[in-house]
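# An overview of the molecular structure
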Amino acid sequence: MNIVVAIKHIPSIADDLPVKGVNVDFDSVDFVLNEFDEQSIEQAVLVKEAVGGTVTVVGVDLIGELDAVLHLALAKGADKAVKITGDDPAADSHQQAKWLSEAIKGMSADIVFAGVQASNDLDGQIGAMIAAYLDMPYIGGVSSVEVSGNTATVNKEFAGGVGAKYEAALPMVVGVQAASKPPRYAPISKVRQIAQSATIEKVAPTGEASAGITFKKMAPPVAAGHAEMIEGSSKEVAAKIVELLKSKGLA
Amino acid sequence: MLNTVEKIIFILLAITAAGFTFHGFKTIIDSIRKGRPAPELKDVPGSLVKAAIAVLFQQTIFKARKVLSAIHMGLFFGLITYAIVNLVDVLEGLIPGFDLVYGGVHLPNAPTGLINAFNLIADVMSGALLIAITVFLVRRFIVKDKALTFRDNVLLNPKVKAGGQARDSLTVGVFVIMHVGARLMSQAFRLDAGADPFMPIASFLNSIFGASETGVHVAWWISLGWVMFIIPYLSRSKHTHFFMSPVNLGLAKQNPRGQLDPAIPLKVIEGQKFDPGAKVVYDLAWTRVMDAYACVQCNRCQDVCPANFQGRPLSPSALEVNKRYLLKEATFGSHPEKLLLPLTETVISPEAVWSCTTCYACVRVCPVGNEPMADIVDIRRRMLIDGYEIDSGVQNALQSLATNGNWMSKGKRLRGKWAKEMEFPVKNATEEPVEHLWFVGDTASFDERVIPNTKMVARLFNQGGLDFGIMYQNESNSGNDVRRVGEEGLFEQLVEQNMEAFGKAQFKQIVTTDPHSFNTLKNEYPQFGGKFEVKHYTVTLLKLIEEGKLTVKNKLSNYKVTFHDPCYLGRYNGGFTAPRKLLELLGVEFVEMPRNCENSFCCGAGGGQIWMGKVAPGERPAENRIKEALTAFGEGAKDKAQLFIVTCPKDMIMYSDAVKTTGNEGKIEVRDIIQLVAEAVMVVA
């Protein structure tokens, strides 16, 4: 089985996020792997461990530092790593989805995993767009995947604690919210060993996205208002809340 | 004394016993040799002599349980005396006319003084032995001292669970009573001239039973016949301790306490490839395989273990006991296949492995030089490599350490944020030369609760005219706890990052806030080429005051304080005096807690415990410590504020929480020593 994982390198929010012009100041920020992609790598490796096959991880190298992420993925159980030399830290999800799907086209993928969304744009589009470009079905918000023969059984989560189980014919694209097990830890000694021996395939970016996002302004949020803690018994608190709602003309 | 038939029987018995004993010790030595290479030991004869002296004076047992240790001393000297007594008795049985012990009556030319002295010592030590062994048997079987038992949640070899240890103790206890009793009786039976003032106990028995030639023979046989059975038995029981403890003590860890053994032996053996850490028993260094044979299962280590205190499934002694039973089943018994079972199934449960705080109390207290903690770290190392599912909190910490160089998921650039907020510039040691490179550490750099203290340290250093700087984003976590969690690869990565940063800096010495960083920088970085002078900030502060660069203007006599020795400053590195000296100079009223210095009780944060996502139930060590402090303060002197003084950023967090969770807010307050120094030298925040 050919399992493909499309990943995304995004600015880290561990730092204060610096702004330059209408975008993030990419020169003074670290890039990290999107955390939903950690889940989708884990889910892909779990599927491989269950039914056999190879896991290929592919991502756009935005700032020339994707190797470390790919090495980590290999240490966690991926078999092949491919980087698309996009070299544009501002490439948005539309552009990245185009490049990724062009690269995946030649891989005769049976199943493609993507993180359900990424914390930089939060649009949750990459998986769906890859599916559209590859003409495959897409299910997002998935919290477990099992493959048997030519069918995948996936659990999808909806709001309000509701879940649904789907059976879908392969090939397909899955947007992973959480793997069925927490992502494993890759010991650094293994990562470093792989960093020395692994080869990463380089692919040139091809294709132009038909649409995308245009930034008009980027600014840190301004702190406004404050929280007021209402103290007292539950009855007193309830009374105060009602009063408050009335005073704001909401009830 | 013996007739010819008796002599033949005895000699045959002795030869058989010697054969079994030889086989016993050969089996033990062969099994020890199967362990991995241990860090190189220097001057082995010298350390063996030192160990022999320590054993002779029983120095190491007195670290805990003073009364029982004194009784053990009686047992020890009794058995040493009996080794000589038995030898003389054997010679007497075999050589006609060699009745040295018979009050000198039949040997008119022998030096009477020597014989009398010998008899007196033998007689008195017989009494001592009987008393000592009775106390120990009563303790185990009648009083049923809890200290000799294990918690239900501790993994135990089925044979231990079925009472193997107790049977072993009873066997040897009964032997000692029979052996010593029979020997005393044989002396009593031969006093045909009545009482001998140099044999008071035998004379007393003689006054009841009288003299008897047959009695002498029977008693001789009971006394020495037994020995022929018990000596081979010893090598197969926990009482191998008699022989292996002194050797083990002589071959105990020589490297600094704060330096872990490497994950893979440094010694290269042709054709042998080692995986990091330990999965099976022979993955342990041979010196630690030997630990199992030296352990007499006294449980002193369990007494001082903070994880065991909390009710977690860890008992360092159970680890050694299980190791011994495993080795016995595999080498003496018929289950060699058990050697291939993971240690996490045979010796210590995975939950127990992850309960250890690496506080070193078990290793420190062990009278025979065992290192159960080192085994635990080795087991963690292999579990990590083998992909064992680790606690999610630990995993998050490790992942953040790998990407951000700190465990708090903060960006590298934020490390020096507090310094940029200071009212004076804090030098960047990687950009300009400084005398003191201050290695701030993660907690002191990032934790909002601790940063005010960090700033206070900076102000005092500044006021004291100390030429210092920090490395800002170039500093990474020192890796002390990463290594103790078992992530050797990440530890090495962090060391490399810091070494690269140190390489950019010019400095004379390193000052640390965190005792954990202090430990690894001082004891482990040298192995990676990082040879610097490393000081803890308490030492630096003391020096500033002693040299008059900081002056105590305001004596803090309104405070009643106690001091908690952090494991990695105190027990690991002997940093006991600087904090106490500082407190003395500040003029506070100082109260020592019962568990102090070497015997300090861990706060429960070390060895990665502070990262754990899952919180174990039970009274936490830090909570117990706060109660200990309040008890030490006692009643009275309510006019003074009661303070719990710490010198470790992690302690600040652990104990502030513990004061709240034990409901002692208002009674006791946790303060970093820096806060007191600042108040005394009147540096305003």
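Residues numbered from 1 in each chain as written. Chains lettered and ligands numbered in written order. Predicted model: local features only at pLDDT ≥ 70, side-chain atom pairs only at ≥ 80, totals over all residues. Heavy atoms only, no water.

## What to know about the overall build of chain A
To keep it simple, the criterion reads: Strands are runs of DSSP state E lasting at least two residues, helices are runs of H or I lasting at least four, and both sets are numbered from the N terminus onward. Each residue's exposure class comes from its accessible area (1.4 Å probe, protein chains only) as a fraction of the maximum for that residue type: buried when under 20%, exposed when over 50%, partly exposed otherwise. We call two residues contacting when some pair of their heavy atoms lies within 4.5 Å. Surface exposure here means Shrake-Rupley accessible area, sampled with a 1.4 Å probe, where a residue is shielded only by the protein chains that are shown. Under the convention used here, Asp and Glu are negative, Lys and Arg are positive, and both His and the chain ends fall outside the count. For this purpose, a charge sits on NZ of Lys, CZ of Arg, CG of Asp or CD of Glu.
Counting its regular elements, chain A contains six helices and 13 strands. Across its three principal directions, the C-alpha atoms of chain A cover 65 × 45 × 40 Å. Going through the 251 residues of chain A one by one, you find that 44% of them count as buried. Sequence-distant contacts, at least 24 apart, represent 74% of the contacts inside chain A between residues at least 6 apart. By element, 53% of the accessible surface of chain A is carried by carbon and sulfur atoms, the whole surface being about 12,800 Å². Positive and negative side-chain charges in chain A, numbering 21 and 31 respectively, have mean positions lying 3 Å apart.

## A few points about the interface of chain B and chain A
Just so we agree on the cut-off: What counts as buried area is the accessible surface, traced by a 1.4 Å probe, that two parts surrender upon association, with contributions from both included. A side-chain nitrogen of Lys or Arg and a carboxyl oxygen of Asp or Glu constitute a salt bridge if their distance falls within 4 Å. The term polar contact refers here to a pair of N or O atoms within 3.5 Å; inside protein, the definition further demands a hydrogen-donor-capable atom paired with an acceptor-capable atom, and it admits residues adjacent in sequence only when both atoms are side-chain atoms. Three categories are distinguished: nonpolar for Ala, Val, Leu, Ile, Met, Phe, Trp, Tyr, Cys and Pro, charged for Asp, Glu, Lys and Arg, and polar for the others, with Gly belonging to the last.
Contacts between chain B and chain A engage 22 residues on the former and 18 residues on the latter. Together chain B and chain A conceal approximately 1,600 Å² of surface at their shared face, both sides included; 47% is due to carbon and sulfur atoms. By the criterion of area lost to chain A, the three top residues of chain B are B:Gln395, B:Gln399 and B:Arg413, representing 29% of everything that side buries. For the pair chain B and chain A, the number of links is three salt bridges. The residue A:Arg192 makes a salt bridge to B:Glu496 at a minimum N-O spacing of 2.4 Å. There are seven residue pairs in polar contact (both at pLDDT 80 or more) connecting chain B and chain A. Taken together, the elements giving at least two residues each to the side of chain B that touches chain A come down to helix 17 (372–385), helix 18 (392–404) and helix 23 (488–504) of chain B. Residue classes in the side of chain B that touches chain A are distributed as seven nonpolar, seven polar and eight charged.

## Topic: the nonpolar core
Residue and element names in this part refer to chain B. What counts is decided by this rule: Residues belong to a common nonpolar core when they are buried Ala, Val, Leu, Ile, Met, Phe, Trp, Tyr or Cys residues joined through side-chain atoms within 4.5 Å.
Counting 85 residues, the largest nonpolar core has Ile348, Leu398 and Trp611 as its most contacted members. The residues touching Trp611, leaving out its near neighbours within four places in the chain, are Asp391, Gly393, Val394, Ala397, Leu398, Leu401, Trp407, Asp481, Val482 and Val485. Core analysis: the second largest hydrophobic core is formed by 64 residues, Ile470, Leu582, Leu586 and Ala678 among them.

## Here we look at helix 5 (residues 188–197) of chain A
Inclusion rule: Directions from the helix axis toward the C-beta atoms define the arc.
Within helix 5 of chain A the residues assigned to the buried category are A:Ile188, A:Val191 and A:Ile194. The buried residues of helix 5 of chain A occupy one face: seen down the axis, they fall within an arc of 125°. In helix 5 of chain A, the exposed positions that point more than 90 degrees away from the buried face belong to A:Gln193, A:Gln196 and A:Ser197. Elements in contact with the buried residues of helix 5 of chain A: helix 2 (66–75) of chain A together with helix 18 and helix 23 of chain B.

## Focus: the domain arrangement of chain B
All names here are of chain B. Put simply, the rule is: Note: domain ranges come from an automatic or database domain assignment.
Each domain of chain B was delimited in the assignment, giving domain 1 (4–24 + 44–235), domain 2 (281–385), domain 3 (405–546) and domain 4 (559–681). Centre-to-centre, using C-alpha coordinates, domain 3 lies 23 Å away from domain 4. Across the contact, 32 residues belong to domain 3 and 30 residues belong to domain 4. Taken together, both faces of the contact between domain 3 and domain 4 bury some 2,800 Å²; the carbon and sulfur share is 73%.

## Notes on the pairing of strand 7 (residues 80–84) of chain A
Residue and element names in this part refer to chain A. As a reminder of what qualifies: Here a crossover is taken to be right-handed if, once the strands point away from the viewer, the path from the first strand over the helix to the second is traced clockwise. By definition, two strands form a pair when at least two bridges between them are found by DSSP.
The element strand 7 is extensively covered by neighbouring structure, given that four of its five residues are classed as buried. Handedness of the crossover is the feature at issue here: the chain leaves strand 6 (residues 54–60), passes through helix 2, returns alongside strand 7, and the resulting connection is right-handed. Bridge count for strand 7 against strand 13 (residues 201–203) is three bridges, and the pairing is parallel. Paired with Ile84 across the two strands is Val203, which belongs to strand 13.

## Let's talk about the sheet that holds strand 1 (residues 427–428) of chain B
All names here are of chain B. Applicable threshold: Note on geometry: axes are lines fitted to C-alpha atoms, helical ones only across the stretch in contact, with angles between N-to-C directions running from 0 to 180 degrees.
Spatial strand order, 1-3-2-4-5: five strands in an open sheet with parallel pairing. Two strands in the sheet have a free side with no partner beyond their single neighbour: strand 1 and strand 5 (533–536). The strands that helix 21 (residues 451–463) touches are strand 2 (436–439), strand 3 (468–470) and strand 4 (509–512); relative to strand 2, the one it contacts most, it runs at about 170°.

## Comments concerning the environment of A:Ser143
All names here are of chain A. The residue Ser143 is located in strand 9 (residues 138–148) in this model. Put simply, Ser143 and Gly175 are 32 residues apart on the chain and 9.1 Å apart in space, counted from C-alpha to C-alpha. Other than its neighbours up to four places away in sequence, Ser143 contacts Gln43, Asn155, Glu157, Ala178, Ala179 and Ser180.

## Digging into the packing of aromatic side chains
Residues and elements named next belong to chain B. Test applied: Each pair of aromatic rings taken from Phe, Tyr and Trp, with Trp reduced to its six-membered ring, is defined by centres within 6.5 Å and is described as stacked if the planes are under 30 degrees apart, edge-to-face if over 60, and tilted in the remaining cases. Charge-over-ring contacts are defined here by two conditions on Lys NZ or Arg CZ: a distance within 6 Å of the ring centre and an angle within 35 degrees of the ring normal.
Counted under the stated rule, the structure contains 23 aromatic pairs over all chains. On the basis of an interplanar angle of 65° and a centroid distance of 5.2 Å, the ring pair of Phe76 and Phe77 is categorised as edge-to-face. Residue Phe76 is classed as buried on the basis of its relative accessible area, which comes to 17%. Judged by relative accessible area, Phe77 falls into the partly exposed class, the value being 29%. Seen from their ring centres, Phe242 and Phe243 are 6.3 Å apart, and the 70° between their planes marks the pair as edge-to-face. In this structure, Arg595 packs its charged tip against the face of Phe601, placed 4.0 Å from the ring centre.

## Points about the side chain of B:Glu329
Residue position: B:Glu329 is located in helix 13 (residues 316–331). Residues within four places of B:Glu329 in sequence aside, it is in contact with B:Asn157, B:Lys159, B:Ser334, B:His335 and B:Lys338.

## Some remarks on the environment of B:Thr538
Residue and element names in this part refer to chain B. Looking at where Thr538 falls in the secondary structure, it is placed in helix 25 (residues 537–546). Setting aside chain neighbours within four positions, we find Thr538 in contact with Leu569, Ala578, Pro579, Leu582, Thr647 and Ile673. Only 2.8 Å separates the side chain of Thr538 from the side chain of His536, close enough to count as a polar contact.

## Re the pattern of salt bridges
Residue and element names in this part refer to chain B. Evaluated as defined, the whole model comprises 55 salt bridges over all chains. Here Lys543 ties to Glu547 by a salt bridge, and the two come within 3.6 Å at their closest N and O atoms. For Arg625, the salt bridge is made with Glu628, and the minimal N-O distance between the two is 2.9 Å. Highlighted residues: Arg625 and Glu628, both in helix 27 (residues 621–633), separated by three residues, approximately one helical turn. Each member of the pair Arg625 and Glu628 is classed as buried. Salt bridges here are not isolated pairs; linked through shared partners, they connect Lys253, Asp261, Arg288, Glu320, Lys323, Asp375, Asp378, Arg381, Arg483, Arg484, Glu488 and Glu524.

## Some remarks on the sheet that holds strand 13 of chain A
Residues and elements named next belong to chain A. Here nine strands make up an open sheet; going across it, the order is 11-10-9-12-8-1-6-7-13 and the pairing mixed. Each edge of the open sheet is held by one strand with a lone partner, namely strand 11 (163–169) and strand 13. Each strand of the sheet is rotated relative to its neighbour by a mean of 30°, with strand direction disregarded. Sheet analysis places strand 1 (residues 2–7) next to strand 8 (residues 111–115), joined by four bridges and oriented parallel. Looking at the pairing, Val4 lines up with Val112 of strand 8. Helix 3 (residues 93–105) rests against strand 1, strand 6, strand 7, strand 8 and strand 13 of the sheet, and its axis sits at about 145° to strand 6.

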